[in-house]
Amino acid sequence: MSFLAHRDYRNDQTFDAEVVVVGTGAGGAVVGAELAEAGRDVLFVEEGGYHPTSSLNPYLTESIPRLYRDAGGTIIMGRPPIPYAEGRCVGGSTLINGGMTWRPPERVLTEWESLAGQPDLGPKALEPLFERVEERIHAKPQHPASVGEDSRLLEEGARRLGWRYEHNRRAQDRCVGSNQCLTGCPTGAKQSTLLNYMPRALSFGAHCLTEVRIRKLWIEDGRCVGVIGKAVNPRTRQCDIDVRVRSKAVVVSCGAIQTPYLLLGHRLGRPSRQLGKNFLCHPNAKVIGIYPFDIHAWQGVSQGGQIREFLDEGIIMAENAVPPGTAAAQIPFLGEEALELMKQYNGMVMTGVLVEDSHAGTVTRSFDAPLAKYTINTYDHERFLRGVRRLATLHFEMGAKQVILPFSNMHTVSSVDDLDRIERTQRSRSTIELFTVHLMGTCRMGGNRRTSVVNLKGELWDLPGCYVADASLFPTAVGVNPQVAIMALATMVAQRLDLPN
Amino acid sequence: MVTSPVLQRHPDDSWVLAAPLKVSPRTRRVLLALADAIMPTSPRSETTLEDVTRHALVCLQYMPRSSALLFLVGMRLLNWTPLWRFRGLRPLTRLSREQARRHLVAVTQSRWLPIRLSMYGPLGLFMSNYFDQDYAHRAIGYDPVPFVEERIELRRKWVEGEEPTADEEIHHLRVAPP
């Protein structure tokens, strides 16, 4: 059976498994593979489709509806509103992310340990889990043949300004820098869960139902005994076939927005009232340098490294070349003006400032979709202004003739002196334009039912048999790319999952 | 022209792309007018406007119904930009492309966040689709397929044991930046 799709389902079909895992991303695929390897009968349920490496291509037009939730039309409401992207396909967000494998800083893990009141989430306890995950996803530095000019330019700029630049370790096996991370790696080098954990799980007997949206948990006598969903007709997008899975345990791994959305439908998380709270999104602001010479940033690895000089302030800077369709959607011009700017695409170096959350938002239910709310506070706003100014300075230092800034009332600057206007013109948080792909929190893990949503096994305090394994477990912000931390916690949940006899 | 069996714009992996969301002829006209005003006038193919509008309606199928509905309501409101900006009585569908574009530029530059927000959706949908087309790629000098094909071949050789050499590194700058 391995992968089933909408055409394979009959109405009112019930599948049986020991463990059903909802989601196949960094959390779900890992927990499912670990359980399958331990001899459990695992069934994955994935809302998106299965897209093998051979179908991945550099074109956005079909890749976006294929691979991204809501065809990329997702947004966090607040001041400012923050568009976000997450995967909806087998492999989840790991199929469309940059594959960075940074561990959370030690200070973060120490804080987790202290919040949990147990050593389980501390640096020492998580060390073997990080090692296990990194080995499985081939976390390695890039080969020189894969590095592009934009990465080298950023590194050189950091060196000139005396800033610390660190090369990324990425989930990749012989990456050659095709720079198609955002539309799925067509070379098969990026080690998304589509290529490592999912095949591993399937080789140990797991199966996967694709194109099924889970709408409810199946609860009997106060215990979670399965999930209830509907298969989504790929042509009409109507949910038209009932699909149920009966199991001894359910692992919800739908990400930090969809997981609380599903659980809030059952009014869970009552002991702490923390379900859907503590929503963190590690927002980033784009800074695009336009150079008078060709750089071809679309050739070479997406993010060869990061400027980590300001990590103690919670600020990271990195380059991230995106296809022209994505770039054009982010620039503030229409018509011929946009085309004139895009004609300089080969001279663009797209970079971003990421700021670690110092506060949190919420996720609630509204109509037929989750509603995420998050407003940056003054402290984070100030750090953004500082980070943007520094990054723009670097671009001018490296010879940029113009820099596009993430401010609606100050979109372009042509010299380093213009940057003095930032403090004067950016007093309001409404004018900054942010984006994110790092969604976290909302079902925090902990050792106390009064302060956390799930226990240190990943099981909901108020619903036995229901586990969570994704970025929503994070007790606080990690301030770095979260993939490895999600995978480590998912491994821990798999190792601790109890099944009734 | 794509020569590789992979990297196809419409890959045949048995996955089915959704049919466009059904909308009224009036809403369709609004979308066409907005797309026409937002996208560059040239280069375009004969079917650019139809294709881009169709793609927008396909994308709406992948969104929750409430979001898709909100988007369409937003488009209808945008159509009346001249009225609520107190700059005219006629909707964008009855204005020339240049006039409509001037109104939309003003919306993108508005000091009011909710007004600027109304342009997020159409800008994202229409611009990302337009700049994903081959003729737009040619206009901006972006040609990813030969490069990705070459990289796939490079990796294939590497998997077979031939590690990339310095010749395979990616260099475009003839001189170091200033």
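What you see is a predicted model; the values in this text were computed from it and never measured. (Residues numbered from 1 in each chain as written. Chains lettered and ligands numbered in written order. Predicted model: local features only at pLDDT ≥ 70, side-chain atom pairs only at ≥ 80, totals over all residues.)

Okay, the domain arrangement of chain A next. Residues and elements named next belong to chain A. On domain assignment, one finds that chain A holds domain 1 (3–69 + 84–90 + 102–136 + 194–278 + 440–496) and domain 2 (141–182 + 284–356 + 377–431). On a C-alpha basis, the centroid separation for the pair domain 1 and domain 2 is 32 Å. Each side of the interface is counted separately: domain 1 has five residues, and domain 2 has seven residues. Classifying every residue of the side of domain 1 that touches domain 2 gives four nonpolar, one polar and no charged. (Domains from an automatic or database assignment. Contact = placed C-beta atoms within 7 Å. Nonpolar A, V, L, I, M, F, W, Y, C, P; charged D, E, K, R; others polar.)

Further remarks concern the pairing of strand 12 (residues 223–232) of chain A. Residues and elements named next belong to chain A. As judged from the eight bridges shared by strand 11 (residues 212–220) and strand 12, these two strands associate in the antiparallel manner. Opposite Ile-214, over in strand 12, you have Gly-229 as the bridge partner. Between strand 11 and the antiparallel strand that follows it, strand 12, lie two residues; Asp-221 among them carries a positive phi value of about 50°. Relative to strand 13 (residues 239–246), strand 12 runs antiparallel, the two being bridged by seven bridges. By the bridge assignment, Gly-226 is partnered in strand 13 with Arg-246. The hairpin turn running from strand 12 into strand 13, its antiparallel successor, is six residues long, and Arg-237 in that turn takes a positive phi close to 65°. (Pairing = 2+ DSSP bridges. Helix = DSSP H or I, 4+ residues; strand = E, 2+ residues; numbered from the N terminus.)

In this section: the interface of chain A and chain B. Contacts between chain A and chain B engage 69 residues on the former and 66 residues on the latter. The set of elements that each furnish at least two residues to the side of chain A that touches chain B consists of helix 2 (60–67), helix 5 (149–161), helix 8 (324–330) and helix 9 (335–342) of chain A. Residues belonging to the side of chain A that touches chain B are distributed by class as follows: 32 nonpolar, 25 polar and 12 charged.

All names here are of chain A. Contact pair helix 4 (residues 123–136) / helix 12 (residues 483–496): the axes reach a minimum separation of 9 Å and the direction vectors enclose 110°. Classed by the angle they form, the pair helix 4 and helix 12 counts as roughly perpendicular. Judged by the twist between their axes, the crossing of helix 4 over helix 12 is right-handed. Across the interface between the two elements, Leu-126, Leu-129, Phe-130, Arg-132, Val-133 and Glu-134 from helix 4 touch Val-484, Met-487, Ala-488, Thr-491 and Met-492 from helix 12. By residue class, the composition of the contact of helix 4 with helix 12 is eight nonpolar, one polar and two charged. (Axes fitted to C-alpha atoms, helices over the stretch in contact; angles between N-to-C directions. Parallel < 35°, antiparallel > 145°, perpendicular 65-115°, else oblique. Left-handed = near helix turned anticlockwise from the far one by under 90°.)

Residue and element names in this part refer to chain A. Overall, mixed pairing links the four strands, which are arranged 2-13-12-11 in an open sheet. Across the chains shown, the open sheet's two edge strands, defined by having one partner strand only, are strand 2 (13–16) and strand 11. Neighbour-to-neighbour, the strand axes of the sheet open up by a mean angle of 25°, direction not taken into account. Pairing of strand 2 with strand 13 involves four bridges; the strand directions are parallel. By the bridge assignment for strand 13, Asp-16 is matched with Arg-246.

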